[in-house]
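Reading the structure
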Amino acid sequence: MTQVNLRIEDNIKADAESALKEMGLNMSTAITMFLIKVGRERRIPFEITADPFYSAENIAELERRIQGVNNGSTVLKEHKLIEVDD
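The sections below set out a description of the structure shown in this document. (Residues numbered from 1 in each chain as written. Predicted model: local features only at pLDDT ≥ 70, side-chain atom pairs only at ≥ 80, totals over all residues. Heavy atoms only, no water.)

Side note on the overall build of the chain
Here is the rule we go by: Numbering of helices and strands starts at the N terminus; helices are DSSP runs of H or I of at least 4 residues and strands are runs of E of at least 2. Here the radius of gyration uses the C-alpha set of atoms, whereas the globule reference equals 2.2 Å times the residue count to the power 0.38. For every residue, the accessible area (1.4 Å probe, protein chains only) is compared with the maximum for its type, and the residue is labelled buried under 20%, exposed over 50%, or partly exposed between those bounds. Note on areas: Shrake-Rupley, 1.4 Å probe, and residue coverage restricted to the protein chains presented here.
Helix and strand counts for the chain stand at three helices and zero strands. Along the chain, from the amino end to the carboxyl end, the secondary structure elements read α-α-α. In terms of C-alpha radius of gyration, the chain reaches 22 Å, well past the compact-globule figure of 12 Å for 86 residues. Across its three principal directions, the C-alpha atoms of the chain cover 65 × 30 × 25 Å. Split into buried and exposed, the 86 residues of the chain put 3% on the buried side. Accessible surface computed for the chain: about 8800 Å², of which carbon and sulfur atoms make up 55%.

This is how it looks when you write it as structure tokens:
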């Protein structure tokens, strides 16, 4: 048997331990389950997606708008925040 050490923020660990306790698991068992699944399936066993905010198109648009503000061709104005339900 081997030992794995990792560093993680205290709040992340506490949140995970709380959720795992509700499931009747501890951190070691959950991580072991995760690693077994990765080893068997050769993939991360959940979907990982990039935040669309950081897409090349959005970054280009933000840079264009910043340039407009900096050169005075765009005026900043206040607007209401649009909230979207997931």
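Details of unusual backbone geometry
At R42, a position not held by glycine, the phi torsion is positive, near 60°. Looking at the secondary structure, you find R42 in the loop between α2 (27-41) and α3 (56-71). Overall, R42 belongs to the exposed group, its relative accessible area being 70%.

A word on the environment of E83
With respect to the helices, strands and loops of the structure, E83 is situated in the segment after α3. Linking E83 and A50, residues 33 residues apart in sequence, is a C-alpha distance of 20 Å.

Section: α2
To keep it simple, the criterion reads: An expected span of 1.5 Å times one less than the residue number is assigned to each helix. Pairing of N or O atoms within 3.5 Å defines a polar contact, subject to two protein rules: one partner must be a possible hydrogen donor and the other a possible acceptor, and residues neighboring in sequence count only if both atoms are side-chain atoms.
The end-to-end C-alpha distance of α2 is 21 Å, a good match for the 21 Å that 15 residues give at a rise of 1.5 Å each. The backbone nitrogen of S28 has a side-chain oxygen 3.2 Å away, supplied by the residue at the start of α2, namely N26.

A word on the environment of V4
By the element assignment, V4 lies in the segment before α1 (10-22). Accessibility expressed as a relative area gives 62% for V4, which makes it exposed. For the pair formed by V4 and S28, sequence separation is 24 residues and the distance between their alpha carbons is 9.8 Å.

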